[in-house]
Amino acid sequence: MIIKRKYEWLGELYSRDGRSKALIDEAFAKESVPDSDKEKLLEWNHYHISRFLNLGCGIPGQVYGYFMNGFEQLDKEYPYDNGLTFNDVSDIEFETSRKGNAIQMRFVNKGMADFPYYRIVGFASVENKSGKQIIGNGWEMVRPYEIG
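Draft legend 1. Representation of the environment of A22. Mapping A22 onto the fold places it in helix 2 (residues 18-30). Judged by relative accessible area, which is 44%, A22 ranks as partly exposed. Taking the C-alpha atoms as reference points, A22 and F67, 45 residues apart in sequence, are found 9.7 Å from one another.

Draft legend 2. Representation of the pattern of salt bridges in the model. Summed over the entire model, instances satisfying the criterion amount to 11 salt bridges. One salt bridge connects R119 with E8, and the closest N-O pair in it is separated by 2.8 Å. With R119 in strand 5 (residues 115-129) and E8 in the loop between strand 1 (2-3) and helix 1 (10-16), this residue pair connects regions lying 111 residues apart in the sequence. Since its relative accessible area comes to 10%, R119 is described here as buried. We classify E8 as buried; its relative accessible area is 0%. Put simply, K110 and E93 hold a salt bridge, and the shortest N to O gap is 3.6 Å. Here K110 is found in strand 4 (residues 102-112), whereas its partner E93 is found in strand 3 (residues 91-96), with 17 residues between them in sequence. Members of the salt-bridge network, linked through shared partners, are E8, E12, R16 and R119.

Draft legend 3. Layout of the packing of aromatic side chains. All chains considered together, the criterion is met by 7 aromatic pairs. Here Y7 and F52 contribute two aromatic rings whose centre-to-centre distance is 6.3 Å and whose plane-to-plane angle is 50°, an arrangement assigned as tilted. Separated by 45 residues along the polypeptide, Y7 in the loop between strand 1 and helix 1 and F52 in the loop between helix 3 (35-44) and helix 4 (61-77) bring together distant segments of the chain. Side by side, Y7 and F52 carry an identical accessibility label, which is buried. Taken together, a centroid distance of 5.3 Å and an interplanar angle of 80° make the contact between W9 and Y117 edge-to-face. With a gap of 108 residues between them, W9 in the loop between strand 1 and helix 1 and Y117 in strand 5 connect regions that are remote in the sequence. Over the face of the ring belonging to Y78 we find R19, whose NZ or CZ atom lies 3.6 Å from the ring centre.

About the criteria used
- Residues numbered from 1 in each chain as written.
- Predicted model: local features only at pLDDT ≥ 70, side-chain atom pairs only at ≥ 80, totals over all residues.
- Heavy atoms only, no water.
- Helix = DSSP H or I, 4+ residues; strand = E, 2+ residues; numbered from the N terminus.
- Buried < 20%, exposed > 50% of the residue type's maximum accessible area, 1.4 Å probe, protein only.
- Salt bridge = Lys/Arg side-chain N within 4 Å of Asp/Glu carboxyl O.
- Phe/Tyr/Trp six-rings, centres within 6.5 Å; stacked < 30°, edge-to-face > 60°.
- Lys NZ or Arg CZ within 6 Å of the ring centre and 35° of its normal.

Below, the structure is given as structure tokens:
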């Protein structure tokens, strides 16, 4: 499914998407982070969603800002397909708009008890406009959890 890179696991972007890998490498190199430290940080954060990283992730702020800004640019030119489908959805989280005329759903795969994880499959928004339900543009949903 096509999603914004900021909603994908950092490690998945690094291993599956050559453009993201090059951008992440560039961000670490720009701040002179040693390769050994970069490898540890990427391993530690492999299963963490980029958008939800915080100070506990250990990635320097300048590095994080650089690749997150770069992800936005990449998404405009080269949309990212996470390789998942609705068959991968194990849970649907939702949030209603303040006015109550729209609902946004976050489709997620939460894994199994022996290997719990949280991966976003996709998003959808439905709005009630003049009595008709239409697909909406959506909004930035609240964080599902905190890392760190």
